[in-house]
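The chain contents come next:
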Amino acid sequence: MNERLIELTDINPNELFGARNSNVAILKKLYPKLKIVARGNKLKAFGEPDILDEFEKKVQQLINYFNKYNKLDENSIERIILSNETTKKASKSTEGVLVHGVSGKLIKPQSPNQQKMVDAMEKNDMLFAVGPAGTGKTYTAVALAVKALKEKEVKRIILTRPAVESGEKLGFLPGDLKEKLDPYMQPLYDALRDMIPFERLDSYIEKGVIQIAPLAFMRGRTLDNAFVILDEGQNTTHSQMKMFLTRMGKNAKFIVTGDPGQIDLPPRQISGLKEALLALKNIDGIAMVHLNEKDVVRHRLVTHIIKAFKSLETE
């Protein structure tokens, strides 16, 4: 009897095997001619070579399905095992979706300018997405990064922000370095938690597949095979922005987001984002998308608030 060993590296074994190996039981029912054993992060199957080849291929499809949709139930398992049309049907029914988030949430562009961000990243390796609060700049950028990771276009995601206080003085913060910096990074964590199940997100962070760090930690690095997002880019200085942009390595995608109307730098300090928008606007491979109050995806009052403050600034 032939043996086939499948070692699970792209998925938590519990997610594939199911509670009390319930999904393994379904596989045994669908492959009665195979002896299937699940142990640790390994799936063993014994049987004829042609059936083992098909089984291994289908298990990989199940893994890909879970990584994309964050779920795996009896219906989806049976559909994938028994049909060759799963991928086509899924793609037609979820047109425009960037990421299948947690609890079945479909994450897709919510405005024309968010769609411009998506289109721009298909054709360029660097994107500046600027606009007021609530326009989905960061959220769309993170969705694009998660999509690239899931589709194995990159090996890691790196998210960074300048640790600049927005007006208030936070003073001494207790805890280790991570605990001190986490409040600055919270919007990035929030977006990721919408898109990646909690246990897998923790695993990614622990293994360094997803890295969230303040901008100062980027110095001296070369970022290859990575999708890198600089959030709150308006709060970078000239030297910080130049340092960040020159970290770009091979097979890298960079997105810089920011709101030029919310600069928290000291008076007379020029924003590195404003300089970059002027200096890089005519470089092939760098795209710039400007979002506005029409792209706001928060509470309807946010649109009116942005307009009201904008009118004050022009008076």
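Structure's up top.
Just so we're clear, the structure is a prediction, and the values are computed from it rather than from any experiment.

Thresholds applied
Residues numbered from 1 in each chain as written. Predicted model: local features only at pLDDT ≥ 70, side-chain atom pairs only at ≥ 80, totals over all residues. Heavy atoms only, no water. Core = buried A, V, L, I, M, F, W, Y, C linked by side-chain atoms within 4.5 Å. Buried < 20%, exposed > 50% of the residue type's maximum accessible area, 1.4 Å probe, protein only. Helix = DSSP H or I, 4+ residues; strand = E, 2+ residues; numbered from the N terminus. Pairing = 2+ DSSP bridges. Axes fitted to C-alpha atoms, helices over the stretch in contact; angles between N-to-C directions. Contact = heavy atoms within 4.5 Å. Phe/Tyr/Trp six-rings, centres within 6.5 Å; stacked < 30°, edge-to-face > 60°. Salt bridge = Lys/Arg side-chain N within 4 Å of Asp/Glu carboxyl O. Patch = residues over 30% accessible without salt bridge, like charges linked within 9 Å, V, L, I, M, F, W, Y side chains within 5 Å. Areas by Shrake-Rupley, 256 points an atom, 1.4 Å probe, with all protein chains shown as cover. Expected span 1.5 Å × (residues − 1).

Caption draft 1: View of the nonpolar core. Counting 38 residues, the largest nonpolar core has L192, M195, I210 and F227 as its most contacted members. Considering every element that reaches this core, the biggest residue donor is helix α7 (residues 137-150), with eight residues.

Caption draft 2: The arrangement of the sheet that holds strand β10 (residues 253-258) in detail. With respect to topology, six strands assemble into an open sheet ordered β8-β7-β9-β10-β6-β11, the strand pairing being parallel. Bordering the open sheet on either side are β8 (210-214) and β11 (286-290), each of which pairs with just one other strand. Averaged over neighbouring strand pairs, the angle between their axes works out to 15 degrees when direction is ignored. Judged from the five bridges that link them, strand β6 (residues 126-130) and β11 form a sheet pairing that is parallel.

Caption draft 3: Highlighting the sheet that holds strand β2 (residues 35-39). Taken together, the three strands give an open sheet; going across it, the order is β1-β3-β2, and neighbouring strands pair in antiparallel fashion. Looking at which strands have only one partner, the edges of the open sheet turn out to be β1 (2-7) and β2. The mean angle between the axes of side-by-side strands here comes to 15 degrees, regardless of whether they run parallel or antiparallel. The sheet contact formed by β2 and strand β3 (residues 42-47) spans five bridges and is antiparallel. Pairing of V37 across the sheet is with K44, part of β3. Relative to the sheet, helix α3 (residues 49-69) contacts β1, β2 and β3, its axis offset from that of β1 by approximately 10 degrees.

Caption draft 4: Representation of the packing of aromatic side chains. Taken as a whole and assessed by the stated rule, the structure comprises two aromatic pairs. With a centroid separation of 4.9 Å and an interplanar angle of 40 degrees, the aromatic rings of F244 and F254 are classed as tilted. With F244 in helix α10 (residues 238-245) and F254 in strand β10, the pair connects residues that are ten residues apart, well separated along the chain. On the basis of relative accessible area, F254 is assigned to the buried category, the value being 0%.

Caption draft 5: View of the pattern of salt bridges. Inspection of the entire model under this criterion finds eleven salt bridges. The residue D53 makes a salt bridge to R4 at a minimum N-O spacing of 3.0 Å. Taken together, the residues span a long stretch of sequence, with D53 in helix α3 and R4 in strand β1 at a distance of 49 residues. E56 is paired through a salt bridge with R4; the nearest N and O atoms lie 2.8 Å apart. Taken as a pair, E56 in helix α3 and R4 in strand β1 lie far apart in primary sequence, 52 residues in all. Members of the salt-bridge network, linked through shared partners, are R4, D53 and E56.

Caption draft 6: Representation of a nonpolar patch on the surface within the structure. Where nonpolar side chains cluster on the molecular surface, the patch consists of L301, I305, F309 and L312 and spans about 400 Å² of accessible area. Its place among the elements puts L301 in helix α12 (residues 300-314). Since its relative accessible area comes to 41%, L301 is described here as partly exposed.

Caption draft 7: Up close: the environment of K42. Counting through the fold element by element, K42 comes out in strand β3. The sequence separation of K42 and L5 amounts to 37 residues, and the corresponding C-alpha distance is 6.9 Å. Contacts of K42, omitting those with residues within four sequence positions, involve L5, I6, E7, F17 and V37.

Caption draft 8: Region of the structure containing α3. Helix length check: α3, at 21 residues, gives a terminal C-alpha distance of 30 Å against a target of 30 Å (1.5 Å per residue), a fit within 8%. Along α3, the residues classified as buried are I51, L52, F55, K58, V59, L62, I63, Y65, F66, N67 and Y69.

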